[in-house]
Amino acid sequence: NKSERNKFRIEVQKQVLERDNYTCQLCGKKGGDLQVDHIQSWVDYVELRFDINNCRTLCSKCHYKITFGREMPPKIKKWGHNLNNRREVGDIFLQ
C-alpha cells in the first residue's frame, strides 16, 4: 500500500492540484496546507485510486471535516494522511 500511495503522489497528486488551481474545492482557500482527497475512498474503491475525477483539492481543515464529520480541534495544528511525507512548494504544503 505504501508503494501505491507513492505512485499516487508521483502520478496523480500534482495533476489534481493544478486542475483545481491549488484551491480548496469546499471553502475556496487558495494555497496553504492543501491535500488531495479521494471522493470515493482509497480503501473501498481500489479501481478509482488513480482516477483524477475521483479526487479533489481540499485544505486540511475541510479534509478533516469530510473525514471525521466535525471541525478540526484547535489543538491539532497539522493533519493529513502521510503527514511525514509532505513537502513544501512556496507557501503550499503538499502531501
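Everything below is about the structure printed above this text.
Small disclaimer: the values here were computed from a predicted structure and weren't measured. (Residues numbered from 1 in each chain as written. Predicted model: local features only at pLDDT ≥ 70, side-chain atom pairs only at ≥ 80, totals over all residues. Heavy atoms only, no water.)

Brief notes about the pattern of salt bridges
Then, in step 1: The tally for this structure, following the rule as stated, stands at 5 salt bridges.
Then, in step 2: Here Lys65 makes a salt bridge to Glu71, at a shortest N to O gap of 2.7 Å.
Then, in step 3: We classify Lys65 as partly exposed; its relative accessible area is 41%.
Then, in step 4: Take Glu71: its relative accessible area is 53%, and that puts it in the exposed class. (Salt bridge = Lys/Arg side-chain N within 4 Å of Asp/Glu carboxyl O. Buried < 20%, exposed > 50% of the residue type's maximum accessible area, 1.4 Å probe, protein only.)

With respect to unusual backbone geometry
Then, in step 1: Residues other than glycine seldom take positive phi values, yet Asn21 does so here, at roughly 55°.
Then, in step 2: Counting through the fold element by element, Asn21 comes out in the loop between helix H1 (2-19) and strand E1 (32-38).
Then, in step 3: For Asn21, a relative accessible area of 46% puts it in the partly exposed group.
Then, in step 4: The phi dihedral of Tyr22 falls on the positive side, at around 50°, and the residue is not glycine.
Then, in step 5: Counting through the fold element by element, Tyr22 comes out in the loop between H1 and E1. (Helix = DSSP H or I, 4+ residues; strand = E, 2+ residues; numbered from the N terminus.)

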